[in-house]
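# Residue-level structural notes
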Amino acid sequence: MRQWFRRRYLDLLGSIYIYNEHRGYTAIDRVIEAVQLRWPADKQLLARIRKHRADEHKHYLMFRRWFERRGQMPLAVDRTCGHIDRFVGIMFRSTIDELDPVKVIGRDELFERLCRVISLTEKRGHRQVEILLRHPIVRADARLMRIFRIIEQDEPSHWAPYDEWLTAHGARQPNWWERAIDGLIHSELLLLKLPVLFLTPRLRRLRKWPDEQDSCSAHSAHHTLVRG
Ligand SMILES: [Fe+2]
Ligand SMILES: [Fe+2]
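Residues numbered from 1 in each chain as written. Chains lettered and ligands numbered in written order. Predicted model: local features only at pLDDT ≥ 70, side-chain atom pairs only at ≥ 80, totals over all residues. Heavy atoms only, no water.

Another aspect to go through is the coordination of the iron ion (ligand 1). On the protein side, the iron ion (ligand 1) has E21 (OE), E56 (OE) and H59 (ND1) as donor atoms, found 2.0 to 2.3 Å from it. Linear spacing of the donor residues for the iron ion (ligand 1) on their chain is E-x34-E-x2-H. Distance-wise, the iron ion (ligand 2) is placed 3.6 Å from the iron ion (ligand 1), both being coordinated by E56. With E21 in helix 1 (residues 2-38) and H59 in helix 2 (residues 43-70), the pair connects residues that are 38 residues apart, well separated along the chain. For the residue pair E21 and H59, the accessibility class agrees, reading buried in each case. (Donors = N, O, S within 2.8 Å, 3.2 Å for Na, K, Ca; no water. Helix = DSSP H or I, 4+ residues; strand = E, 2+ residues; numbered from the N terminus. Buried < 20%, exposed > 50% of the residue type's maximum accessible area, 1.4 Å probe, protein only.)

Here you go:
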């Protein structure tokens, strides 16, 4: 029973992480396209966001390798388990894929809002990783510990460009209610979704790795951009 519990816990944890890392770098692709249109001269901002994208992609690949070593595909969790999906959904009343980068970039207050959402999500991620690094089930898995240590190191450089952009443009930092929404989404995932998934007997597994479809989603994002 204990063995089953541990395996199930790590299975779900890894599945939620691989979903979020993949969602992370595919969503950043859209931010990059938008920034390229609006502030093409801001090479430093673009370079930092590209670095952020590269890190999330690296995190994704680390989880992919972790699953490959276990000889199992991740469980198919959907965007209700994506922190950034939920956050964008509440703040923009739209899914990430439907969010029009041209519209976001065309209005400063929307881009500022997006910066705050990304920054809060990254800070949340950092705190969560610190908790997991102390978790006994995680600590028993040396490979997973190595992954979480790398993520812990990377995270601060992820929120910095957005925080600094807000300061440089005289925009405010996240306020109490944006923090409250972030907290709510997190507790909902932890206290509601995770236990439900845990107890659902036959969760489907992915048949393909999420990155196998990257080029087609990048393609459709490009078309949204052109149409917008
Ligand atoms: Fe990440
Ligand atoms: Fe990150």
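Around the iron ion (ligand 2), the donor atoms from the protein are E56 (OE), E122 (OE), E155 (OE) and H158 (ND1), and they sit 2.1 to 2.3 Å away. Around the iron ion (ligand 2), the four donor atoms are arranged such that angles at the metal cover 75 to 152°; this shape is classified as irregular. Along the chain, the residues donating to the iron ion (ligand 2) are arranged with the sequence spacing E-x65-E-x32-E-x2-H. (Tetrahedral: all angles 85-135°; square planar, octahedral: opposite > 155°, others 65-115°.)

All right, on to the pattern of salt bridges then. All chains considered together, the criterion is met by 19 salt bridges. D11 is the partner of R205 in a salt bridge, and the nearest nitrogen-oxygen pair spans 2.5 Å. Here R205, found in the loop between helix 9 (176-199) and helix 10 (214-227), pairs with D11, found in helix 1; they are 194 residues apart in sequence, far enough to count as distant. For D11, a relative accessible area of 5% puts it in the buried group. Between K193 and E188 there is a salt bridge, with its nearest N and O atoms 3.0 Å apart. K193 gets classed as buried once you look at its relative accessible area, which sits at 18%. Salt bridges sharing common partners tie together K51, D55, K58 and D154. (Salt bridge = Lys/Arg side-chain N within 4 Å of Asp/Glu carboxyl O.)

On to helix 5 (residues 108-132), then. Taking 1.5 Å per residue, 25 residues should reach 36 Å; helix 5 reaches 36 Å between its end C-alpha atoms and fits that length. Of all the 25 residues making up helix 5, 18 are buried; the element is thus mostly covered by neighbouring parts of the structure. (Expected span 1.5 Å × (residues − 1).)

A residue-level look at the chain finds 94% of positions with pLDDT of 70 or above and a mean pLDDT of 91. Every residue in residues 221-228 scores below 50 in pLDDT, and together they form ten contacts with partners more than four places removed in sequence or on other chains. (pLDDT = per-residue confidence, 0-100. Contact = heavy atoms within 4.5 Å.)

A grouping of R65, R69, R139, R143, R146 and R149 is seen on the molecular surface, where their side chains present a positively charged patch. Those elements that provide at least two residues to the positive patch are helix 2 and helix 7 (142-154). Considering each element in turn, the positive patch owes the most residues, three residues, to helix 7. Along the polypeptide, R143 turns up in helix 7. A relative accessible area of 41% places R143 in the partly exposed class. (Patch = residues over 30% accessible without salt bridge, like charges linked within 9 Å, V, L, I, M, F, W, Y side chains within 5 Å. Areas by Shrake-Rupley, 256 points an atom, 1.4 Å probe, with all protein chains shown as cover. Lys, Arg positive; Asp, Glu negative; His and termini not counted. Charge placed at Lys NZ, Arg CZ, Asp CG, Glu CD.)

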